Amino acid sequence: MTNTWTDIANANLILVMGGNAAEAHPCGFKWVTEAKAHNAARLIVIDPRFTRTASVADYYAPIRTGTDIAFMGGLINYLLTEDKIQHEYVRNYTDLSFLVDPGFTFEDGIFSGYDAAKRRYTDKTTWNYQYAADGFAMVDPTLQDPRCVYQLLKQHYSRYNLELVSQICGMPTESIQKIWEEIATCSAPGKTMTILYALGWTQHSIGSQIIRSAAMVQLLLGNVGMPGGGVNALRGHSNIQGLTDLGLLSNTLTGYLTLPSDSEQDYDTYIFKRALKPLRPGQMSYWQNYGKFHVSLMKSWYGANATADNHWGYDYLPKIDVPSYDILKMFDMMGQGKVNGYMCQGFNPIAALPDKNRVTAALAKLKWLVIMDPLATETSEFWKNVGPYNDVKSADIQTEVIRLPTTCFAEEDGSLVNSSRWLQWHWKGADGPGLARTDIRIMSELFLRLRQRYQANGGAYAEPMMKLSWPYKVPEEPSPEELAREINGSATADFTDATGATIKAGAQLAGFGQLKDDGSTASGCWIFCGSWTEAGNQMARRDNSDPYGTHQHQGWAWAWPANRRILYNRASCDPQGKPWAENKRLVWWNGKTWAGTDIPDYKADSPPEAGMNPFIMAPEGVGRFFTRDNMAEGPFPEHYEPFETPIGINPLHPNNKGATSNPAARIFDSVWDTLGVAKDYPYAATSYRLTEHFHFWSKHCKLNAITQPEQFVEIGEVLAKEKGIVAGDKVRVSSRRGFIEAVAVVTKRIRPLQVNGQVVHHIGIPLHWGFTGLTRHGYLTNTLVPFLGDGNSQTPESKSFLVNVEKV
Ligand SMILES: Nc1nc2c(c(=O)[nH]1)N[C@H]1C(S)=C(S)[C@@H](COP(=O)(O)OP(=O)(O)OC[C@H]3O[C@@H](n4cnc5c(=O)[nH]c(N)nc54)[C@H](O)[C@@H]3O)O[C@H]1N2
Ligand SMILES: Nc1nc2c(c(=O)[nH]1)N[C@H]1C(S)=C(S)[C@@H](COP(=O)(O)OP(=O)(O)OC[C@H]3O[C@@H](n4cnc5c(=O)[nH]c(N)nc54)[C@H](O)[C@@H]3O)O[C@H]1N2
Ligand SMILES: [Mo]
């Protein structure tokens, strides 16, 4: 989230689109209720299904899955043509005036630099600004130059008119018009809209670009950095925010530092690129400090073994030979027999990943599979024949499965990072049962034993193992407190910080501003620096007072970065440092320093005249409409159809020339043959969760199993009638990849949509059942989903695929 849960109470308009917060985030949703009750806020919900969130909305409109860019692109067009933008904000705080490279083009849905054979943009050099001789990007403050971002943006979205958006989205023009008008009112400085989204946006082959299109709308309205504004990802698992923060993706290090690639064997090359060196004149971006964060990380991991002479242990870091080893890539390799063993920790891939049969076949190629989980999951029994629910030939599967039972979060102390970036300490409720051990214990013992073997037998490159610092009181089980203190970081030598204070060796650091690149500081994750200081464990704070009445609650837990609750909050005031509106005060320049009810996202003593820009993580210092080369599929979001499209064409290119689906999505060669077409599978399916279950594990819990005991699918009344299906019938839902059978729930909540001259029906498929646990056995929903994903995040397209439905 750019903002925080509690800040939703400050919104005037709440757009829930691409999520179902009332069911998937019921606790956080109370801040929506709060905004409605005490701020007269209005709630708009856009979802293919009339959800529980929709049931309390002021306005609801249906949308065809996978078409949100068309809606947002149309909205951008509307805001520009109706002149409903926050002028001063966009002029000062965004890239609208920047001039773009003359070679940058866009034709038939494809930007310049595309290599059709490789299915990706191999040349992104034109996705850039024009630079003057002095090194600055060229700008045209009048916004008239045909190469300025404003003109290119206008041109790009001029195609997205009301009629066409309605044709693509299947949303009536009156609904679209009404929602656009209402959203446009939030361009007034005293009014803000917040956008809440989750998987209804991410789980598409164009997911990342849907989210960008929302960010663009919020920039046009001047709603980023504002109380009650922002683009807010409601995250999933209780600590999934912590997972990405701590660098558990295959290509990242902690705090969004990145792993070197194969071509970066040289340390200086690695640091220079990331610290944006050589710096352009006037260049911003806090990433200039990359070296300090990285050296401190290496000191944290390798202690005295990380020295200036060995480039802080740079050679100990793996160098990655592909862009990433994401789960799609790993399971594709596994399917090709290129993976011997797999450690599966707190993850149930045959239930969670797309195309269950493909995933099962991949697991069957492993020599060994280790499952670390409190429960006996479907993945740990993937080899077992469970009738129609897991129809495998056990005798053909030779994979050795080893289970290591773990405790769960309630059986240990520790911290969880929520969607608001709050690190909240929690305390153990009970000891784990039986032989269950904490994940920390299992991983530590594994490490110690591996190291012993390296010690005894040597190995190809033993240093990264042998040199790792392991300073814990009980080496077999470091305590959560020790780890949390280490992640915050401490001084490794006496030094004087920027404020002139002397920091003694061994002292806990107060914040990432103290980090150094000379080896005198260690910090396991720079953005967490400040969470466990000399003043103690900040994550354990539970002061919920709100002294300014602004819903920022600075004393509740600790938010990264620097306990700041709203990111880019400098943008909440005008260039002179005065809040855009009295009722939206957040931070301001008080004549001497930046102050406010949140921690200013800014150098405290840099006066407005100094002209520092608010988007401090970008080299330009401004919000970007034109992302340059950061995205896989281009600088502007463009609507592409789901890979399995119910209408067969992209209505933006009715002559069928150009791109139908995302030309830069993640799709492997062997997957094309597993895709279905509308002739055989006419219905648009989407999968989702229910309040009563958590993925695939709450079915092991009796009370949850009682509340939702049996697998069902949702079918609209009109389609049900056409198919002769009545509520309670058993139906078979099939895709090109397999089928499931479930009870039909016939509902008014899913309506047929008029799309591009035809009727599109949606089928709703909850995802919680399987062949283990206490509910009735069911089929894994992911039997149906295609094995492909977004080109940036590699998130599978679980929200838009094609199925057929028949009564059994
Ligand atoms: N009770 C419960 N809560 C949970 C979870 C759980 O399993 N159970 N899981 C947690 C996790 S890990 C996550 S990631 C979150 C997910 O949170 P959500 O994303 O809110 O959950 P989903 O149920 O997957 O809902 C997505 C909604 O998006 C809609 N949708 C589908 N396609 C589209 C589309 O193209 N456009 C639009 N506008 N909407 C679309 C669906 O109809 C559905 O209502 O929930 C978390 N919370
Ligand atoms: N079709 C379709 N597929 C989807 C989705 C969808 O909407 N549609 N949603 C996707 C999303 S957003 C998600 S997050 C995934 C969820 O996919 P998974 O994360 O694989 O699903 P969970 O059932 O939550 O599995 C988590 C496992 O962690 C175990 N666990 C709990 N606590 C601990 C612990 O402390 N230590 C260890 N080692 N294990 C623990 C649980 O027992 C459980 O088995 O599914 C994805 N798949
Ligand atoms: Mo998730």
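Within an unreviewed UniProt entry, the label attached to the protein chain reads Formate dehydrogenase, and the organism entered is Pseudomonas silesiensis. Taken verbatim from the UniProt record of the protein chain, the Subcellular location (unreviewed entry) comment is "Periplasm".

### Description of the overall build of the protein chain
Counting its secondary structure elements, the protein chain contains 20 helices and 31 strands. For 808 residues, the compact-globule formula gives about 28 Å, and the C-alpha radius of gyration of the protein chain, at 27 Å, lands near that figure. In terms of overall dimensions, the protein chain has C-alpha extents of about 80 × 70 × 55 Å along its principal axes. Evaluated residue by residue, the protein chain yields a buried proportion of 57% over its 808 residues. Carbon and sulfur atoms make up 54% of the accessible area of the protein chain, which totals about 32300 Å².

### Focus: the packing of aromatic side chains
Aromatic rings in a pair are described by how distant their centres are and how their planes are angled relative to each other. Inspection of every chain in the model, using the stated rule, returns 47 aromatic pairs. Note on phenylalanine 104 and phenylalanine 626: the rings are 5.1 Å apart at their centroids and 85° apart in plane angle, and the pair reads as edge-to-face. Placement of the pair is phenylalanine 104 in the loop between α4 (87-93) and β4 (106-107) and phenylalanine 626 in the loop between β23 (594-596) and β24 (683-688), with a sequence separation of 522 residues. The exposure class of phenylalanine 104 is buried, given its relative accessible area of 6%. The exposure class of phenylalanine 626 is buried, given its relative accessible area of 0%. Geometrically, the ring pair formed by phenylalanine 331 and tyrosine 342 is edge-to-face, given 5.3 Å between the ring centres and 80° between the ring planes. Taken together, the residues phenylalanine 331 in helix α13 (residues 327-335) and tyrosine 342 in strand β10 (residues 341-345) connect sequence positions 11 residues apart.

### As for the site of ligand 1
Of all residues adjacent to ligand 1, which total 32 residues, the nearest are Ala24, Asp47, Gly66, Leu199 and His693. With respect to ligand 1, the backbone of histidine 693 contributes an N or O atom lying 2.6 Å from a nitrogen atom. Protein contacts shield 95% of the accessible area of ligand 1, which totals 910 Å² for the unbound molecule. In terms of residue class, the shell around ligand 1 is made up of 10 nonpolar, 16 polar and 6 charged.

### A word on the side chain of histidine 768
The topology assignment puts histidine 768 in the loop between β30 (762-766) and β31 (801-807). Overall, histidine 768 belongs to the buried group, its relative accessible area being 1%. At 2.8 Å, the side chain of histidine 768 and the backbone nitrogen of leucine 690 are in polar contact. There is a polar contact of 2.9 Å between the side chain of histidine 768 and the backbone oxygen of histidine 695. Among all residues touching histidine 768, those that are not within four sequence positions of it are Tyr688, Arg689, Leu690, His693, Phe694, His695, Phe696 and Lys699.

### Considerations on helix α5 (residues 149-157)
Residues of α5 that are buried include every one of Val149, Tyr150, Leu152, Leu153, His156 and Tyr157, and no others. One face of α5 carries all of its buried residues, which in axial projection span an arc of 165°.

### A look at the sheet that holds strand β27 (residues 738-747)
What links the strands of a sheet is backbone hydrogen bonding, and the strands pair in either a parallel or an antiparallel sense. Pairing in this closed barrel of 6 strands is mixed, and the strands run β24-β30-β25-β27-β26-β31 around the ring. Averaged over all neighbouring strand pairs, the angle between strand axes comes to 45°, with direction disregarded. For strand β25 (residues 712-716) and β30, the ladder comprises 2 bridges, and the chain directions are antiparallel. Bridging from a neighbouring strand, glutamate 714 pairs with glycine 764 of β30.

### Things to note about the layout of surface pockets
Space inside the second largest pocket adds up to approximately 370 Å³. Residue lining of the second largest pocket: 14 residues in total, with Leu404, Ile442, Glu445, Leu446 and Arg449 positioned closest to the centre. Every element with two or more residues in the lining of the second largest pocket is listed here: β12 (400-405) and α16 (439-457). Here the lining of the second largest pocket gets 7 residues from one element, more than from any other, and that element is α16. Class assignment for the residues of the lining of the second largest pocket results in 8 nonpolar, no polar and 6 charged.

### Remarks on the site of ligand 2
Lining the immediate surroundings of ligand 2 are 29 residues, of which His237, Asn348, Ala352, Asp373 and Asp439 lie closest. At 3.0 Å, a side-chain N or O of glutamine 203 approaches an oxygen atom of ligand 2. At 3.4 Å from a nitrogen atom of ligand 2 is found a side-chain nitrogen or oxygen belonging to threonine 406. Look at ligand 2: alone it shows 920 Å² of surface, and the protein chains cover 88% of it.

### Some points on the environment of isoleucine 183
Position of isoleucine 183 among the secondary structure elements: in helix α7 (residues 173-184). Looking at isoleucine 183, the relative accessible area reads 0%, which means it is buried. Remark: the alpha-carbon pair of isoleucine 183 and leucine 79, spanning 104 residues in sequence, is separated by 9.1 Å. Ignoring sequence-local partners within four residues, the contact set of isoleucine 183 consists of Leu13, Leu15, Leu75, Met193 and Leu221.

### Quick look at the sheet that holds β12
With parallel pairing, 3 strands are arranged side by side in an open sheet as β10-β11-β12. This sheet does not close on itself; its edge strands, each paired only once, are β10 and β12. Neighbour-to-neighbour, the strand axes of this sheet turn through a mean angle of 15°, independent of strand direction. Note: strand β11 (residues 368-373) against β12, 6 bridges, orientation parallel. When the bridges of β12 are listed, leucine 369 appears paired with valine 401.

### Focus on the packing of helix α3 (residues 68-81) against α5
Contact geometry of α3 with α5 gives a least axis separation of 9 Å together with a crossing angle of 125°. The angle between α3 and α5 places the two elements in the oblique class. Like other packed secondary-structure pairs, α3 and α5 cross with a definite hand, here left-handed. Mapping the contact onto sequence places Gly73, Ile76, Asn77 and Leu80 in α3 and Tyr150, Leu153, Lys154 and Tyr157 in α5. A breakdown of the residues in the contact of α3 with α5 according to their chemical character gives 5 nonpolar, 2 polar and 1 charged.

Rules and cut-offs
Residues numbered from 1 in each chain as written. Chains lettered and ligands numbered in written order. Predicted model: local features only at pLDDT ≥ 70, side-chain atom pairs only at ≥ 80, totals over all residues. Heavy atoms only, no water. UniProt positions renumbered as here; feature names shortened; annotations may be inferred. Helix = DSSP H or I, 4+ residues; strand = E, 2+ residues; numbered from the N terminus. Rg over C-alpha atoms; globule rule 2.2 N^0.38 Å. Buried < 20%, exposed > 50% of the residue type's maximum accessible area, 1.4 Å probe, protein only. Areas by Shrake-Rupley, 256 points an atom, 1.4 Å probe, with all protein chains shown as cover. Phe/Tyr/Trp six-rings, centres within 6.5 Å; stacked < 30°, edge-to-face > 60°. Near = heavy atom within 4 Å. Polar contact = N/O pair within 3.5 Å; in protein donor to acceptor, adjacent residues only side chain to side chain. Nonpolar A, V, L, I, M, F, W, Y, C, P; charged D, E, K, R; others polar. Contact = heavy atoms within 4.5 Å. Arc of directions from axis to C-beta. Pairing = 2+ DSSP bridges. Axes fitted to C-alpha atoms, helices over the stretch in contact; angles between N-to-C directions. 1 Å grid on protein atoms, 1.4 Å probe; cavity = no way out; pocket = protein on both sides within 12 Å on 5 of 7 lines; lining within 4 Å. Points joined across faces, edges and corners; volume = space filled by probe spheres on them. Parallel < 35°, antiparallel > 145°, perpendicular 65-115°, else oblique. Left-handed = near helix turned anticlockwise from the far one by under 90°.

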